[in-house]
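Notes for the structure review
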Amino acid sequence: MKLFTLALHLCLFTCLCTCGPAQNKGGMGEGNKGEAGLNHLAGQKSPYLLQHARNPVDWYPWNDEALAKAKAEDKLLIISVGYAACHWCHVMEHESFEDSTVAAVMNAHFVSIKVDREERPDIDDVYMTACQLTKQNGCGWPLNAIALPDGRPIYALTYAPKQQWTKLLEQFIKLKAKDPAKLEEYAAALTAELGKRNTFQPVTGEAGDLSAGEIDGIADELLTSIDYAGGGTAGVPKFPMPALHEFLLARHFYTKDDRALEAVTVTLDRMADGGIYDHLAGGFARYSTDAAWKVPHFEKMLYDNSQLVSLYAHAYQVTGRARYAEVVRQTLGFVEASLSDPGGVFYASLDADTEGEEGKTYVWTKAEIDGLLNDPKRSAAFADYYSVEEGGNWEGRNILFRKTDANRIAQKHGYTDAVALKADMDAAAATLLAARNERPQPLLDDKGLTGLSGLMISGYVNAFRALGDGAYRARAIKAGQFLRDKMMQTDGRLDRNFKGGTSAINGFLDDYGMMAQACVDLYQVTFDAGWLKTAETLVAYTNAHFYDQEIEMYNYTSDLDPPLISGNVPVNDKAIPSGNSVMARVLYQLGTLLADEEMTGRARKMLTRVRPLLKADGARFYANWARLYVEVMEPTYEIAVLGADAGEMREEMTKYFHPNALFLGGKVEGDLQLLTNKMVPGETTIYVCLEKVCQLPVNEPKQALAQLR
């Protein structure tokens, strides 16, 4: 059956809205809340699952018990996927899953399974792909799939109001009773398409197929999609895409293409001025619902903030703009205050909602601001500085965002200059933040995730390199030690999540890749070879349990995990780079540092396999692969620093943006091949090498940087 025919048949069931604030502004339902008993989610670690543990719906976690129950009782599955910070997940819970009449239907005719997409991204991927195959509109969360007892999906959708959800359930109940063969037909067709969609088709070719001209064309095509007025790529909503802008920064470094740098700076400027940025506490919301970065979807995710810290740090190295350094410092202050576990791991997210209202913690009336500042001049300046309006600039309240020239505001309100204005506005912001901290706060998803914590470690490392603050390096080391001690077994196997003193769930490909990248980054700012050995162990484990020899890429799940109805070989770079692109860059960097040609060769081969997709679909969808493409095509120098002052000299060099350099060394030679016989007694020497061939040693960082050019 063709998929459009399948979609057409299923559209007859109901007309369902796409999840998202632009489409769904309806109020909360007033359904009858069930008894305060516990369902099968009791005892789970995930805050998202625990949010549903008292629903009258008899939710199960994804496990053998739930699947066996569905099979034994011949019931369809409802597989509902979300995450703790998701606003529309909360709306649907209140409207439908807390309603006893809806729960009665679900409990009588279905086995209902709740999934935290951050804990089980493999399950989310299967049913999200099913949603994309069966709907013309976009898919998001909450994601709700109807499936046969064996897990094969029949249909999937995002948020649906109570009446539409109930109608959909009734249609499936009737269809199962009257024509179960039709459900089997739907499931077979959809599962077959899932298999095609999630099967990576290898493309033969050698590394020689790569070319500088091709990456030039890919970059040029990407630049045509940039919104040079508003930042980001054209279109609404606007999502931060850090990997895309990291590629453009690297592009500018090698080619001096001013368009590439402008694409980055206009985006970072607009985001830092916009409502997507928290001007009081730091940190970025998940995305903007408009073209001007003004109205955020208020949830704050670790994965966004970690990558944006790295991007702003790199942009500061390139441009020297003080605003970028300020954003890095303020965002890390937010991470430390709100997303950090005392043990060292990082928490997943802050909710979009407070007390059931999206953004309630963050927005203001002008009267509230005037009362707190208690100074007409300062209050008037603040209103101009942050676009505050008497009647509110969003749904009767004010989101703080900047759009007006600071010099004009300073002149208008009697400040000596923009610097004096900013100092006063910072003091006013501190007053508002203190008051905001007394408000009810959004819920915290306090589980730690290995891969996302690895991304945050890299963020701290990049902040240290750019700004030189030793506290950032110390924080990165603390988090790295936590992951190594609490999340990793001696053979390299990783757990994915940590909460309440324990870890669980086998790690997925991105956990291994992002932690290995963090270890490579930590080595380069510490010269502690233990981090390289950890990265080696992780790569070896991934090779043994994730690598597919036939397609020469990595599966998302370990061969130790029970298979789902569809596998997954992730190559598409989205808000988070794909597990394969992360692993490929790790292999290239680690292989260069270890002088391991098998590793670097595998990275090149993986890039060659993905190259046709990158060429056809562009860097918007394969940005991290494009970044690797640049790194492979351009020289990558090995900079060996040896001697008593190795750390100081390294830091003098790493404060600059050099994507073409990897650093190794220490106070002693150690056992790395590239350091052998390079120690000069009584001196600290720097060797700039390319493919293990070194230029004459120098004793000054400036001399070494000159050799890089």
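At their nearest, the axes of helix α19 (residues 470-487) and helix α21 (residues 529-545) sit 12 Å apart, and the two run at 40 degrees to each other. By the angle between their directions, the pair α19 and α21 is classed as oblique. As for the relative orientation of α19 and α21, their crossing is left-handed in sense. Touching I477, G480, Q481 and R484 of α19 are G530, W531 and T534, all from α21.

This part covers the sheet that holds strand β14 (residues 502-506). The strand order across the open sheet formed by five strands is β8-β9-β12-β13-β14, and the pairing between neighbours is antiparallel. Only two strands of the sheet have a single partner each, and these edge strands are β8 (300-301) and β14. Sheet topology places strand β12 (residues 444-449) next to strand β13 (residues 495-499); two bridges connect them, and they run antiparallel. In the sheet register, L449 faces β13, and the bridge partner there is N497. The sheet strands contacting helix α18 (residues 450-467) are β12 and β13, and the helix crosses β12 at an angle near 90 degrees.

Within this structure, the stated rule accounts for 23 aromatic pairs. Between Y83 and W141 the ring centres are 6.0 Å apart and the planes differ by 80 degrees, which places this aromatic pair in the edge-to-face class. A residue pair is termed long-range when its members are at least 10 positions apart, and Y83 in the loop between β2 (76-82) and α4 (87-97) and W141 in the loop between α6 (121-134) and β4 (143-147) qualify at 58 residues. For Y83, a relative accessible area of 1% puts it in the buried group. On the basis of an interplanar angle of 50 degrees and a centroid distance of 4.8 Å, the ring pair of Y277 and F284 is categorised as tilted. Under the relative-accessibility criterion, F284 is labelled buried at 1%. By the ring-pair criterion, three or more aromatic residues cluster together here, those being Y277, F284, Y312 and Y324. Positioned above the aromatic ring of W59 is the side chain of K114, whose terminal nitrogen or guanidinium carbon lies 5.1 Å from the ring centre.

In a disulfide, the sulfur atoms of two cysteines are held together by a covalent bond. Applying the stated criterion across every chain yields a total of three disulfides. Bridging C131 to C139, the disulfide has an S-S length of 2.1 Å. Across the S-S bond of C131 and C139 the torsion is about -90 degrees, and the bridge reads as left-handed. Judged by its relative accessible area of 0%, C131 falls in the buried class. Residue C139 is classed as partly exposed on the basis of its relative accessible area of 23%. Between the sulfur atoms of C689 and its disulfide mate C694 the distance is 2.0 Å.

With that out of the way, let us pick up the confidence of the model for the chain. Mean pLDDT for the chain: 92, with 94% of residues reaching 70 or above. Below pLDDT 50 for its whole length, residues 1-35 participates in 73 contacts with residues either more than four positions away or in separate chains.

With that out of the way, let us pick up the sheet that holds strand β1 (residues 60-61). Strand order in the open sheet formed by five strands is β1-β3-β2-β4-β5, with mixed pairing between adjacent strands. Bordering the open sheet on either side are β1 and β5 (153-157), each of which pairs with just one other strand. When β4 meets β5, the two strands line up antiparallel, connected through four bridges. Looking at the pairing, N144 lines up with L157 of β5.

Turning to helix α5 (residues 100-109), its buried residues number three or more, namely V102, A103 and M106. With its buried residues spanning 100 degrees around the axis, α5 presents them on a single face. Tucked into the core, α5 has its buried residues touching β2, α4, β3 (110-116) and α7 (162-178).

About the thresholds
Residues numbered from 1 in each chain as written. Predicted model: local features only at pLDDT ≥ 70, side-chain atom pairs only at ≥ 80, totals over all residues. Heavy atoms only, no water. Axes fitted to C-alpha atoms, helices over the stretch in contact; angles between N-to-C directions. Helix = DSSP H or I, 4+ residues; strand = E, 2+ residues; numbered from the N terminus. Parallel < 35°, antiparallel > 145°, perpendicular 65-115°, else oblique. Left-handed = near helix turned anticlockwise from the far one by under 90°. Contact = heavy atoms within 4.5 Å. Pairing = 2+ DSSP bridges. Phe/Tyr/Trp six-rings, centres within 6.5 Å; stacked < 30°, edge-to-face > 60°. Buried < 20%, exposed > 50% of the residue type's maximum accessible area, 1.4 Å probe, protein only. Lys NZ or Arg CZ within 6 Å of the ring centre and 35° of its normal. Disulfide = S-S within 2.5 Å. pLDDT = per-residue confidence, 0-100. Arc of directions from axis to C-beta.

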